[in-house]
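What follows is each chain in one-letter form.
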Amino acid sequence: MREFDLLRHIYRSNDRLDRAVGIPPGDDMGMIRFGGGEVLAAVDQLVAGRHVRIETTSVELVGRKAITRSLSDIAAMAARPLCTLVAATLPPEFGEDRARQLFESMRRTCERFECPLIGGDLAFHGDPDHPLVCSVTVLAEPGPTPPVLRSGARPGDTLYVTGQLGGTMLDDGSGHHLTFDPRITEALMLAELLGDRLHAMIDLSDGLGRDADHIAEASEVKIVIDAARLPCRGNASWKDALQNGEDYELCFAASGSVPSEVRGVPITPVGEVLSGETGELPARLCVRDGDTLREAGELGWQHEA
Ligand SMILES: [Mg+2]
């Protein structure tokens, strides 16, 4: 079963959510209302062997990425960070010194992005083959606008991305996926600038192809991405930009004029949002490659979770 099918199954069984749930499962963060306020929450895991190569990556960067990939979900909602909680399970030979370094790196990263680490748990697993797993929970509060959902894209919107895409996972323990800064400030500035013209947003963790499709699905629209406009990193091809993932940039749908950069980070229009009823498009997400309109699914990034 694919990750998304599994999650969807769980969410569908969740039909008696309390009225206090302002944003149900299925977005970058959930939200609950209480005591007159609103708190957003998300949990995510960094798994060695999947999200980082522990053999070639410094403990410092492993800790950094465990935190930044969760903070990226706060950016996706244009929310303001509140605090972080971490639970880590480490292989037995990891050792106490490195465990201390790992937590110190996570603590510093939390501090740097103003989402302080307020608690956590650490356990050494008994099985030497158990991978390092860091489970990170982040809480946030709404920013200048109500949280920006995946479901608000409208026909006529333009689809934008921040920064550059593709080629982030290098095998040598370096690469953008380890050193990126989550786009929290940029997202807050976009929300401030665009207000209610900022219709939908997601952070790019699975690759623009899959993540733009999440917007299309949640918003019940079709999206056409223009391959020639994709801002590719270094030698990355447009297919890499669509498929590689781990970009941790923002992808958003907005109407009206949008600045070409925010805080020096370029913003590129990469596609258009069309009505879900548009019959002549072969799929919910399509890619325009010169004169050819391809069904995005053909490009084959639906990997098994
Ligand atoms: Mg996300």
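Being a predicted model, the structure only gives us computed values, none of them experimental.

Things to note about the nonpolar core
By size, the foremost hydrophobic cluster in this structure holds 78 residues, and its most contacted members are Ile-223 and Cys-251. Formed jointly, this core draws a minimum of three residues from each of two domains, domain 1 (3-142) and domain 2 (158-299). Dropping the residues within four chain positions of it, Cys-251 is found in contact with Leu-159, Val-161, Ile-202, Leu-204, Leu-208, Asp-211, Ala-212 and Ile-215.

Some remarks on helix H2 (residues 59-76)
Taking 1.5 Å as the rise per residue, H2 with 18 residues should run 26 Å; its terminal C-alpha atoms sit 26 Å apart, in good agreement. Extensive coverage of H2 is indicated by the burial of 16 of its 18 residues. Ala-78 sits one or two residues past H2 and shows a positive phi near 55 degrees.

Section: the pairing of strand S2 (residues 30-34)
Looking at chain direction, strand S1 (residues 21-23) and S2 are connected through 2 bridges and run antiparallel. Note that in S2 the partner of Ile-23 across the bridge is Met-31. Connecting S1 to the antiparallel partner S2 that follows it, the hairpin turn spans 6 residues, and Gly-26 within it adopts a positive phi of roughly 115 degrees. Judged from the 5 bridges that link them, S2 and strand S3 (residues 37-47) form a sheet pairing that is antiparallel. If you follow Gly-30 over to S3, its bridge partner there is Ala-41. Hairpin geometry of S2 and S3 is characterised by an intervening segment of 2 residues between the two adjacent antiparallel strands and by a positive phi of about 50 degrees at Gly-35.

Concerning the sheet that holds S2
Adjacent strands of a sheet pair through backbone hydrogen bonds, lying either parallel or antiparallel. Ordered by their spatial adjacency, 6 strands build an open sheet running S1-S2-S3-S6-S4-S5, and the pairing between neighbours is mixed. At either margin of the open sheet sits one strand with a lone partner, and together these are S1 and strand S5 (117-124). Within the sheet, the average angular offset between the axes of one strand and its neighbour, ignoring direction, is 25 degrees. Of the pairings in the sheet, the one linking strand S4 (residues 79-90) to S5 comprises 7 bridges and is parallel in character. Bridging across to S5, Val-86 finds its partner in Gly-120. The strands touched by H2 are S3, S4 and strand S6 (133-142); relative to S6, the strand with the most contacts, the crossing angle is about 30 degrees. Against the sheet, helix H3 (residues 96-112) touches S4 and S5, its axis set at about 160 degrees to S5.

Things to note about the domain arrangement of the chain
You can read the domains of the chain as domain 1 (3-142) and domain 2 (158-299). The gap between the C-alpha centroids of domain 1 and domain 2 is 23 Å. Broken down by secondary-structure element, the contributors of at least two residues to the side of domain 1 that touches domain 2 are H2 and S4. It is H2 that contributes the most residues to the side of domain 1 that touches domain 2, 11 residues altogether. Taken together, the residues of the side of domain 1 that touches domain 2 break down into 8 nonpolar, 5 polar and 7 charged.

Here we look at the environment of Leu-132
If you trace the backbone, Leu-132 turns up in the loop between S5 and S6. For Leu-132, a count of 22 C-beta atoms within 10 Å translates into the label buried. When the C-alpha atoms of Leu-132 and Ala-48 are compared, they prove to be 5.3 Å apart, with 84 residues separating the residues in sequence. With residues near it in sequence (within four places) discarded, Leu-132 still touches Ala-48, Ile-54, Leu-90, Pro-91 and Phe-94.

Notes on unusual backbone geometry
In this structure, Glu-220 takes a positive phi of about 55 degrees despite not being glycine. Mapped onto the elements, Glu-220 comes out in the loop between helix H6 (208-219) and strand S9 (221-226). Under the C-beta neighbour-count criterion, Glu-220 is labelled exposed, with 12 such atoms within 10 Å. Within the chain, Arg-263 stands out as a residue other than glycine whose phi angle is a positive 50 degrees. One can find Arg-263 in the loop between strand S11 (261-262) and strand S12 (265-275). Judged by the 9 C-beta atoms lying within 10 Å of it, Arg-263 is exposed.

Observations regarding the packing of H2 against H3
Across the interface, H2 lies against H3 with an axial gap of 8 Å and an inter-helix angle of 45 degrees. With respect to each other, H2 and H3 are oriented oblique. Relative to H3, H2 is oriented so that their crossing is right-handed. In this structure, H2 contributes Val-59, Glu-60, Val-62, Gly-63, Arg-64, Ala-66, Ile-67 and Thr-68 to the contact, and H3 contributes Arg-98, Gln-101, Leu-102, Ser-105, Met-106, Thr-109 and Cys-110. Of the residues in the contact of H2 with H3, the class split is 7 nonpolar, 5 polar and 3 charged.

Some remarks on the environment of Ala-227
For Ala-227, the position within the fold is in the loop between S9 and helix H7 (238-243). Overall, the presence of 19 C-beta atoms within 10 Å leaves Ala-227 in the partly exposed class. Dropping the residues within four chain positions of it, Ala-227 is found in contact with Trp-238, Val-287, Arg-288 and Asp-289.

Reading guide: rules and limits
- Numbering of residues begins from 1 in every chain and follows the order in which that chain's sequence is written.
- Reporting in this predicted model follows two pLDDT cut-offs: at least 70 for local features of residues, and 80 or more for side-chain atom pairs to be given and counted; totals over whole chains, interfaces and linings ignore these cut-offs and use all residues.
- Among buried residues, those of type Ala, Val, Leu, Ile, Met, Phe, Trp, Tyr and Cys that are joined through C-beta atoms within 7 Å form a set called a nonpolar core.
- Residue burial here comes from a neighbour count, namely the number of other C-beta atoms, placed from the backbone, that lie within 10 Å of the residue's own C-beta, with 20 or more meaning buried, 12 or fewer meaning exposed, and in between meaning partly exposed.
- Domain start and end points were adopted from an automatic or database domain assignment.
- Note on contacts: residues are paired as contacts if their backbone-placed C-beta atoms lie within 7 Å.
- Only DSSP runs of H or I covering at least 4 residues are called helices, and only runs of E covering at least 2 are called strands; the numbering of each starts at the N terminus.
- Here a helix's expected span is defined as the number of its residues, less one, multiplied by 1.5 Å.
- Only when DSSP finds a minimum of two bridges between them are two strands counted as paired.
- Note on definitions: angles span 0 to 180 degrees between N-to-C directions of axes, and those axes are lines fitted to C-alpha atoms, for helices only across the stretch in contact.
- For this classification, Asp, Glu, Lys and Arg are treated as charged, while Ala, Val, Leu, Ile, Met, Phe, Trp, Tyr, Cys and Pro are nonpolar and the rest, including Gly, are polar.
- In this scheme, roughly parallel covers angles under 35 degrees and roughly antiparallel covers those over 145, while 65 to 115 is roughly perpendicular and the rest are oblique.
- In a left-handed crossing the near helix is turned counterclockwise from the far helix by less than a right angle, and in a right-handed crossing that turn is clockwise.

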